[in-house]
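Listed here are the chains, written in short residue letters.
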Amino acid sequence: VLSSFANDLSDVYVYPNPVKPASGESLTFANLPRYAQISIWTVDGTKIGEIEESDGNGGVTFDLKDLSGNTLSSGIYIYRIVMTDASKNEQQEKLGKFAVIK
């Protein structure tokens, strides 16, 4: 259960990784700061998703669907997390990756 937020992006993690959408799994970003914007990209640089943490519980779930509502294909995806302040000004960023397997 996620119940508090982090002060920075140093301990952010995603789970499960790899993730299997066919089994009903979703991807959770945990240990997030109070305000964070997350963008999801393919390895060739196409933006396919965007989610935001703004309720202060330190986590957010990505449903593994692209911007058109299609389930992600197997592969490696890149995420960019940006910690923002209450006015949406960028404070810090972190890049990472996760795998989707069928």
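Report follows, based on the coordinates. (Residues numbered from 1 in each chain as written. Predicted model: local features only at pLDDT ≥ 70, side-chain atom pairs only at ≥ 80, totals over all residues. Heavy atoms only, no water.)

Let us now look at the pattern of salt bridges. Across all of its chains, the model carries 4 salt bridges by this definition. With its nearest N and O atoms 2.7 Å apart, the salt bridge here joins Glu50 to Lys47. One salt bridge in this structure joins Glu90 and Arg80, with 3.4 Å as the shortest N-O distance. Taken together, the residues Glu90 in strand β7 (residues 90–100) and Arg80 in strand β6 (residues 75–84) connect sequence positions 10 residues apart. Ionic contacts of the salt-bridge type, sharing partners, join the residues Arg80, Glu90 and Glu93 into one network. (Salt bridge = Lys/Arg side-chain N within 4 Å of Asp/Glu carboxyl O. Helix = DSSP H or I, 4+ residues; strand = E, 2+ residues; numbered from the N terminus.)

The subject of this paragraph is the nonpolar core. Residues Phe29, Ile38, Ile40, Phe62, Ile81 and Phe98 are the most contacted members of the largest nonpolar core, which totals 22 residues. Listed by contribution, the elements that provide at least two residues to this core are β2 (27–30), β3 (36–42), β4 (47–53), β5 (59–62), β6 and β7. No other element matches the 4 residues that β6 contributes to this core. In this view, Phe62 contacts Ser26, Leu27, Phe29, Ile40, Gly49, Ile51, Leu72 and Phe98; residues no more than four positions away in its chain are not counted. (Core = buried A, V, L, I, M, F, W, Y, C linked by side-chain atoms within 4.5 Å. Buried < 20%, exposed > 50% of the residue type's maximum accessible area, 1.4 Å probe, protein only. Contact = heavy atoms within 4.5 Å.)

Structural measurements only, silent on function.
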